[in-house]
Amino acid sequence: DCDQVGYSKGRPHLMKAFHPHCAAAIVYTLKGARKVAGLCLPIWGYIDVMYPKLIKAGKLNAFHSWPPAFYQDDKWGSVYNS
């Protein structure tokens, strides 16, 4: 799956995400926030499921940063570590 990650030569700290696993720590542009609001209403699943499906369908763009801009501890839990 790593071959699907799109690294940017012009922005070495950003990479295109193809299947994020959590929606806990996200930075939105104004355009992106409006797009997400339009794509996610009506709600058709958990947000952690909706985002990857929208990204895979090419309807939403997502990027990871390196090093990570956020860190999520286990305080709140996740469907992925249950």
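Residues numbered from 1 in each chain as written. Predicted model: local features only at pLDDT ≥ 70, side-chain atom pairs only at ≥ 80, totals over all residues. Heavy atoms only, no water.

**Q** Could you give an account of the confidence of the model for the protein, with specific residues and numbers?
**A** When the pLDDT values of the protein are averaged, the result is 75; 70% of them are 70 or greater. Mean pLDDT values for the elements of the protein range from 66 in strand β1 (residues 6–7) up to 88 in helix α1 (residues 30–39). (pLDDT = per-residue confidence, 0-100. Helix = DSSP H or I, 4+ residues; strand = E, 2+ residues; numbered from the N terminus.)

**Q** Got a sec to walk through unusual backbone geometry? Specific residues and values, please.
**A** Going from L41 to P42, the amide bond is cis rather than trans, its omega being 0 degrees. By the secondary structure assignment, P42 is in the loop between α1 and α2 (47–56).

**Q** With reference to specific residues and values, describe α2.
**A** Taken together, the buried positions of α2 are D48, M50, Y51, P52, L54 and I55. In this fold, the buried residues of α2 make contact with α1. Of the residues flanking the end of α2, it is G58, one or two places downstream, whose phi is positive at about 80 degrees. (Buried < 20%, exposed > 50% of the residue type's maximum accessible area, 1.4 Å probe, protein only. Contact = heavy atoms within 4.5 Å.)

**Q** I'd like to hear about the environment of H19, residue by residue, with values.
**A** Here H19 is to be found in the loop between β2 (14–16) and α1. The sequence separation of H19 and P52 amounts to 33 residues, and the corresponding C-alpha distance is 5.1 Å.

**Q** Give a detailed account of the environment of K16, specifying residues and quantitative values.
**A** Summarising the element assignment, K16 is placed in strand β2. The exposure class of K16 is partly exposed, given its relative accessible area of 34%. The sequence separation of K16 and S65 amounts to 49 residues, and the corresponding C-alpha distance is 8.9 Å.

**Q** I'd like a description of the nonpolar core, backed by residues and values.
**A** Counting residues in each nonpolar core, the largest one holds nine residues, listed as A17, V36, C40, M50, Y51, L54, I55, L60 and A62. The element that contributes the greatest number of residues to this core is α2, accounting for four residues. Not counting chain neighbours up to four residues away, the residues in contact with V36 comprise Y28, Y51 and L60. (Core = buried A, V, L, I, M, F, W, Y, C linked by side-chain atoms within 4.5 Å.)

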